[in-house]
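For reference, the chains in residue letters:
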Amino acid sequence: MKKCKSASELASLREKLAAARDPKKPTIVICAGTGCLAYGTQKLIDNFRAEIAKRKLEGTVDVRTSGCHGFCERGPLVVIQPKQIFYQHVKTEDAGEIIEKTILGDAVIDRLVYRDPATKEKILHEHDVPFYKKQMRLIFGMNGQIDPRSIDDYIAIGGYAGLAKALAMKPEHIVDEVTKAKLRGRGGGGFMTGWKWESTAKAEGSPKYVICNADEGDPGAYMDRSLLEGNPHSVIEGMVIGAFAIGSSDGYIYVRNEYPLAVTNVTAAIESARAYGLLGENILGSGFSFDIKINRGGGAFVCGESSALFASIEGRAGEPRQKYVHATDRGLYDKPTCLNNVETWANVPPIIVKGAEWYASIGTPGSTGTKIFSLVGKINNTGLVEVPMGITLREIVFGIGGGIPKGRKFKAIQTGGPSGGCIPEKHLDMPVDFDELSKVGSMMGSGGMIVMDDRTCMVDVAKYFLKFLEQESCGKCTPCREGIYQMRTILDRISEGAGEEKDIELLEWIGTGVIDGSLCALGGTAPFPVLSTIKYFRDEYLAHIRDKKCPAGVCKKLITFTVAADNCTGCTACARVCPTKAATGEKKKVHTIDQATCIKCGACFEACKFDAITIS
Amino acid sequence: MADMVTLTIDGRRVTANAGTTILEAARDANIDIPNLCSNEELHPYGSCRLCMVEITHKKRQRLVVSCIHEVAEGLEVKTATERVLNVRRLVMHLLLSRNSTHPRLREIAAGLGIEKSMFPVDYKGCILCGQCVRVCREVVGVSAIGFKSRGDTRAVATPFDEPPGDCIACGSCHYVCPVGVIPMEEKDGVRRIWKTDFPMAKCSVCGKYFAPVKQLEYFRKIANLPENHFDTCVDCRSTKK
Ligand SMILES: Cc1cc2nc3c(=O)[nH]c(=O)nc-3n(C[C@H](O)[C@H](O)[C@H](O)COP(=O)(O)O)c2cc1C
Ligand code: SF4
Ligand code: SF4
Ligand code: FES
C-alpha cells in the first residue's frame, strides 16, 4: 500500500474501498472478540472457510471476523449479512448448515435463533434483539462492521475522515469543538476533555505527550479491551486528532499486561496506519508528525492511576505520587501530558466528523454522548452495552438487561467499578449521568455495573470489594493501606455475628478519614461500597449485628441449611453433591443435614429441585 | 532574591519564599504541624498523611498535605480544622496499631488526645514512612533497600530478602528512621546491618575502626578527593595538617 499524501487521496481510497464492499454480497460476520474466542470461535471461523471452499463459494460469500458485539454470554455469535439474521451459541459443525440453509437457501435455523427469555419470542434480526434495540451503539457498533485487523474496513466505513477534517482545522478550533461537545473523560473522573486538551496545549515545555490509558483493571470490566481489540483504529484516530490539537508528537498506549489480543491488534493497527500515512511523519501530507508507542502495563490495578501510570512508563515502580501540579503541566517525564481513557479517545472522531452540536444533543446537559457499560451479575442479559447518557438505570436493568433471572427481586446495582457505591431500587429511575451517580453516593467510574438480587448480602458485597481494594492498595499511604484493612476486619466481624452497633459508626468514621486522607483516588474512593451499603441497607447491617442473622442467607457463620421434610422427595441430589457428606438419607426418604459437619457451601441448596433445602 | 508570597496560617499572616512548602512556612513561623515522613534532605513523599491541612484558595476549600503543597499568594491555611484532626486521629490510631510504643508516636498521638490505638495492635515497628528507602536512594545513591509487597503487607526489605549487594553499610537508614527500628551494631571491627556483617577499616593514624570498608571504597569512587583521603578517621583527618 502506498501512503496517502493528502486528504483527497484518502477520500478517493475510501471511495474505492467502499465500492468494493458490495452491501448485497452475502457475508458471514463472526464475532472474534475475546468472549466469543473463549468459546472456541476460531474453529468455527476455520470451518466456515473450509465449508465455503468445499462449495467453491470463495468469490460469492465473504467471511468477516469482527470485534466484540457485546452480547458475549450468547457466543459464539454469527450475523448473516445482508439479511441480518442473528445466530447465537453457534457450534463449529453448524457452519455447513448455515451456508446451505440461510445463505444459499432462504431458511432460518430455528435452534440458533435467539429467544427472548422474558417473552419466549423468537427474534431473527440482531437489531430487534431487546439487548441491542435499546442501546445506542455510536462507538461500539462499528465493531460488528469491521475486521479489527483491516484498516481498509475501517476506512471504508468512514474511518480517518475525522482526522482528515481535523488536519484542515486550526488546532484551537478542534479543542473548542471537543469542549463544546462537552465530552467528559470515560476513565473514571469525568473530567472535561476539552479543558484537559486546552491546558496541555497552553502548557510550556516540550515534548508534549498524549497517552491512552488502557490499563482497565476493574474486575469484570472489559469495555476498553473490547474497543482496542475490536476497533483499534478508532482509538488511534482519536489520539492523532488530539495530538494535533495539543501540539504533541509523542504518544503512548498503556495497555494492561493481560490483554495480549489488544496488544496484537493495536500493534498491527499502528503499523498499517503508518503505512497509509495516517501516523508517523508528515501525516496526510499536512506536515504534522506524531507516532505512538505501546507500553505494557505494570500488572497492578493502581497502575491505571495517572501518576502511577507515568512512573510505570518511566520505568519506576507503579506507585502514585502526590503532586499539586496538573499532569497537563508536568506529567510524564515532567512534561505536559494529556492522559485520556480508551473510550474517551474513541469518542473524538465522531465529534469531529459530525460536530459538537450533534454530539451534545445526545445525553444530558451535564453528561453528553454515550457510555459503554459492562453489565454483569444477577441479570438475564449480561455483556457490554452502550447507552446514551441520561438513560435510567431501570431501562438498563430491565429493558436491555432483561431483568433478574429466576423471577427474583432486584436489590441493588453497583456502578463505577470496585469502589463504586450500591444503588437501591428507589433510585432506579434516576438518569445515568456523572453528577447524578455521585449524588447518590456512587460514581460513573469506568463503567462497571453489577446487578444484585435479593439473595445478595450487602455486608458481604461491601466486604468483597474492600477485600479487592485492600489487595490492590499500593501501601504507600497510611489511611488507604491500614484503614481499608481495618474496615475489612470490622466487616468480617459483622458478617460472623461478632459485630457491635458502634461498628457502623466506626466504619463511617474510618471511611471518611480514608476518603479525606488518602494520597490517590484508590483510597479516596475505596470506602464507597461500605458507606453506600450502610446508607441504603443499614437494616441489613443491624440484622447481622443485633439478631445475628444474615437476611439474604449468605454469611456462613449466621446461617444453617436444613431440609424441609414436606418438600423433600428423597431424590438424593443433595447427598450426592455435599462435599463433606453432611447431607444424607436413603432414596425416596426425607434427607437430613448434619449441622456439625456442614460447611455451609450451599451446594445442596443449588442442587435441590424441590425447594426442600431452606436457609435460615 | 526569590519571590515572596503572603499567606495566612491559622489566621496569622506569614510571608514565605515562593516554592517553599506550607509545612516549611509553618515551621518558620513556629506553627507546629505534626509530620512523620517529611525530611528536609529528601524529596517530599506525602505518605504518612499526618501533615494534612485545610486550604482555601480562590474560594475552593480542600485538604492537602502540607509537606508537598507549596505556598501561594493569598492562600488561607487552617492546620487544625475538625476534618483535618479527624484524618490525623485516624492516621495515629492506625500507626499506633503497627507501633504502639515509640515515644515520638505516643507524643504526637497524645497531642491529638489519643492514648492508645482503637485498633488491635499487631506490632510491626516500621511505620512505612519511606525515609530509609529514600535516603539510601536519594542521598547515598545506592538503592540497597526498597519496598516489597503491597497493601498492608508492604515492608522495607533488601532485594529478594537476601544480604543487600549494594549496601555500603553507611547506616544512613538506621539514623534516619524516626522510630528507630533498623538495627545496627558494631563489634570487634564488624558492623552488622540488614542481617549482614561488614568489616570495618582501621584509621591509618590512630588505628581505631572507623568506617565500613565498603563505604570507604564507595566514597573513594564517587568523591573527587585524593585516594588516601579516606584512610584516616574524621578526627585524625581534621587534626592532620
Ligand atoms: C486506582 C485507579 C485506577 C485507575 N485505572 C484506570 C484505568 O484502568 N483506565 C483509565 O482510563 N483510567 C483509570 N483511572 C483514572 C485515571 O487516573 C485518569 O483519570 C484517566 O485515565 C483520565 O482519562 P479520562 O479523562 O479520559 O477519563 C484510574 C484511577 C485510579 C485512582
Ligand atoms: S491511596 Fe492507596 S493506592 Fe493510592 S497511594 Fe495511598 S496506598 Fe497507594
Ligand atoms: S524502617 Fe524506619 S525509616 Fe524505614 S520506612 Fe520504616 S519507619 Fe520509615
Ligand atoms: S509529612 Fe506530609 S504526608 Fe507525611
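None of these values were measured; they are calculated from a predicted model.

Novice: How would you sum up helix 3 (residues 103-111) of chain B? Please name residues and give values.
Specialist: All names here are of chain B. Among all positions of helix 3, only Leu-105, Ile-108 and Ala-109 are buried. Considered in projection along helix 3, the buried side chains sweep an arc of 100 degrees and stay on one side of the axis. Counted as exposed and oriented over 90 degrees from the buried face of helix 3: Pro-103, Glu-107, Ala-110 and Gly-111. Taken together, the buried residues of helix 3 touch helix 2 (82-96).

Novice: Account for the site of ligand 3, with residues named and values stated.
Specialist: Around ligand 3 sit Cys126(B), Ile127(B), Leu128(B), Cys129(B), Gly130(B), Cys132(B), Val156(B), Cys177(B), Pro178(B), Val179(B), Val181(B) and Ile182(B), and those are all the residues in its vicinity. Partitioned by chemical class, the residues of the shell around ligand 3 number 11 nonpolar, 1 polar and no charged.

Novice: Mind laying out the pairing of strand 1 (residues 27-31) of chain A, listing which residues take part and the relevant values?
Specialist: All names here are of chain A. Extensive coverage of strand 1 is indicated by the burial of 5 of its 5 residues. The alternating pattern of strand 1 places Thr-27, Val-29 and Cys-31 and Ile-28 and Ile-30 on opposite faces, both of which are buried. Direction of pairing for strand 1 relative to strand 2 (residues 62-66): parallel, over a ladder of 5 bridges. When the sheet's bridge partners are listed, Val-29 is paired in strand 2 with Arg-64. Where strand 1 and strand 3 (residues 78-81) come together, 4 bridges link them in antiparallel fashion. From the neighbouring strand, Ile-28 faces strand 3, where its bridge partner is Ile-80.

Novice: Talk me through the pattern of salt bridges; I want residue IDs and the actual numbers.
Specialist: With the rule as written, the count across this model stands at 46 salt bridges over all chains. Here Asp122(B) ties to Lys124(B) by a salt bridge, and the two come within 3.6 Å at their closest N and O atoms. For Asp122(B), a relative accessible area of 42% gives the class partly exposed. The exposure class of Lys124(B) is partly exposed, given its relative accessible area of 36%. Taken together, the shared-partner salt bridges in this structure form one network comprising Glu51(A), Lys54(A), Arg55(A) and Glu100(A).

Novice: Requested: an account of the packing of aromatic side chains, with residues and values cited.
Specialist: For the coordinates displayed, the defined rule picks out 19 aromatic pairs over all chains. Taking 5.8 Å as the distance between ring centres and 55 degrees as the angle between the ring planes, the aromatic pair formed by Phe219(B) and Phe230(B) counts as tilted. Of this pair, Phe219(B) sits in helix 6 (residues 213-222) while Phe230(B) sits in the loop between helix 6 and helix 7 (234-239); the two residues are 11 residues apart in sequence, bridging distant segments of the chain. Positioned above the aromatic ring of Tyr45(B), the side-chain terminus of Lys476(A) is 4.3 Å from the ring centre. Lying across the ring of Phe147(B), Arg154(B) places its NZ or CZ 3.8 Å from the centre.

Novice: Explain the sheet that holds strand 11 (residues 370-377) of chain A residue by residue, including any values.
Specialist: Residues and elements named next belong to chain A. The 5 strands lie next to each other as 12-11-15-13-14, forming an open sheet whose pairing is mixed. Single-partner strands in this sheet number two, and they are strand 12 (383-388) and strand 14 (422-424). The average angle at which neighbouring strand axes cross in this sheet is 30 degrees, direction not considered. Where strand 13 (residues 410-415) lies against strand 14, 3 bridges are found, and the strand directions are antiparallel. Bridged to Ala-412 within strand 14 is Pro-424. Together, strand 11, strand 12, strand 13, strand 14 and strand 15 (448-453) form the strand contacts of helix 16 (residues 393-400), whose direction differs from that of strand 13 by roughly 115 degrees.

Novice: With reference to specific residues and values, describe the nonpolar core.
Specialist: Counting 72 residues, the largest nonpolar core has Ile155(A), Tyr160(A), Trp197(A), Met239(A), Leu278(A), Phe290(A) and Trp345(A) as its most contacted members. By residue number, the principal contributor to this core is helix 11 (residues 232-246) of chain A, which donates 9 residues. Apart from residues lying up to four places away in sequence, Leu278(A) is in contact with Leu10(A), Ile151(A), Ile155(A), Tyr160(A), Leu163(A), Val240(A), Ala273(A), Ile283(A) and Leu284(A). Grouped together as the second largest cluster of nonpolar side chains are 67 residues, Leu42(B), Cys48(B), Val179(B) and Ile182(B) included.

Novice: Tell me about the environment of Glu217(B), and please be specific about residues and values.
Specialist: Positionally, Glu217(B) belongs in helix 6. In this structure, the C-alpha to C-alpha distance between Glu217(B) and Phe230(B), residues 13 residues apart in sequence, is 8.5 Å.

Novice: Mind laying out the domain arrangement of chain B, listing which residues take part and the relevant values?
Specialist: Residue and element names in this part refer to chain B. The domain boundaries assigned to chain B delineate domain 1 (4-111) and domain 2 (131-240). Once you take the C-alpha centre of each, domain 1 and domain 2 turn out to be 31 Å apart. Contacts between the two partners involve 14 residues from domain 1 and, on the opposite side, 13 residues from domain 2. For the domain 1 and domain 2 pair, buried surface summed over both sides reaches about 1,000 Å², with 49% attributable to carbon and sulfur atoms. For the pair domain 1 and domain 2, the number of links is 0 salt bridges. Across the domain 1-domain 2 interface, the total number found is 6 residue pairs in polar contact (both at pLDDT 80 or more). Partitioning the side of domain 1 that touches domain 2 into residue classes produces 6 nonpolar, 5 polar and 3 charged.

Novice: How would you summarise the environment of Val129(A) if you had to cite specific residues and measurements?
Specialist: Residues and elements named next belong to chain A. With respect to the helices and strands, the residue Val-129 is situated in the loop between strand 6 (122-123) and helix 5 (130-133). Residue classification places Val-129 among the buried residues on the basis of a relative accessible area of 0%. Counting along the chain gives 14 residues from Val-129 to Arg-115, while the straight-line C-alpha distance between them is 8.7 Å. The contacts of Val-129, once residues within four sequence positions are left out, are Phe-71, Phe-86, Tyr-114 and Ile-123.

Novice: So what's going on with the domain arrangement of chain A? Which residues, and what values?
Specialist: All names here are of chain A. Assigned domains within chain A: domain 1 (20-134), domain 2 (159-360), domain 3 (370-453), domain 4 (458-547) and domain 5 (560-615). Distance from the C-alpha centre of domain 1 to the C-alpha centre of domain 3: 29 Å. Contact residues are listed per partner, giving 10 residues for domain 1 and 9 residues for domain 3. Regarding the contact of domain 1 and domain 3, the summed buried area is about 820 Å², with carbon and sulfur atoms giving 55% of it. Where domain 1 touches domain 3, the interface holds 0 salt bridges. Taken together, the links from domain 1 to domain 3 amount to 2 residue pairs in polar contact (both at pLDDT 80 or more). Its residues assigned to classes, the side of domain 1 that touches domain 3 shows 7 nonpolar, 1 polar and 2 charged.

Cut-offs used in this document
Sequence positions are assigned chain by chain, starting from 1 and proceeding in written order. Just so you know, chain letters begin at A and ligand numbers begin at 1, following the order they were written in. The model is predicted, so local features are restricted to residues of pLDDT at least 70 and side-chain atom pairs to those at 80 or more, both for listing and for counting; the totals for chains, interfaces and linings are taken over all residues. Excluded from the side-chain calculations are hydrogens and water; all other atoms, namely the structure's heavy atoms, are used. Remark: exposure states derive from per-residue accessible area (1.4 Å probe, protein chains only) relative to the maximum for the residue type, with buried under 20%, exposed over 50%, and partly exposed in between. Numbered from the N terminus, helices here are DSSP runs of H or I no shorter than four residues, and strands are runs of E no shorter than two. What the arc measures is the spread of directions leading from the helix axis to the C-beta atoms. Whether two residues are in contact is decided by their heavy atoms: any pair within 4.5 Å suffices. For each residue, the test is whether any non-hydrogen atom lies within 4 Å of the molecule or strand; if one does, the residue is near. Any residue that is not Ala, Val, Leu, Ile, Met, Phe, Trp, Tyr, Cys, Pro, Asp, Glu, Lys or Arg is counted as polar, Gly included; the first ten are nonpolar and the last four charged. Whether two strands pair comes down to DSSP finding at least two bridges between them. Each reported salt bridge corresponds to a side-chain nitrogen of Lys or Arg within 4 Å of a carboxyl oxygen of Asp or Glu. The rule is short: rings of Phe, Tyr and Trp, with Trp giving its six-membered ring, pair when the centres are within 6.5 Å, and they are stacked under 30 degrees, edge-to-face over 60, tilted in between. To sit over a ring, a charge needs its Lys NZ or Arg CZ within 6 Å of the ring centre and within 35 degrees of the ring normal. Axes here mean lines fitted to C-alpha atoms, for a helix over just the part in contact, with angles spanning 0 to 180 degrees between N-to-C directions. Take the buried Ala, Val, Leu, Ile, Met, Phe, Trp, Tyr and Cys residues and link them wherever side-chain atoms come within 4.5 Å; each set so joined is a nonpolar core. Domain segmentation is taken from an automatic or database assignment of domains. Note on terms: buried area is the combined drop in 1.4 Å-probe accessible area of two parts once they are placed together, counting the loss on both. The term polar contact refers here to a pair of N or O atoms within 3.5 Å; inside protein, the definition further demands a hydrogen-donor-capable atom paired with an acceptor-capable atom, and it admits residues adjacent in sequence only when both atoms are side-chain atoms.

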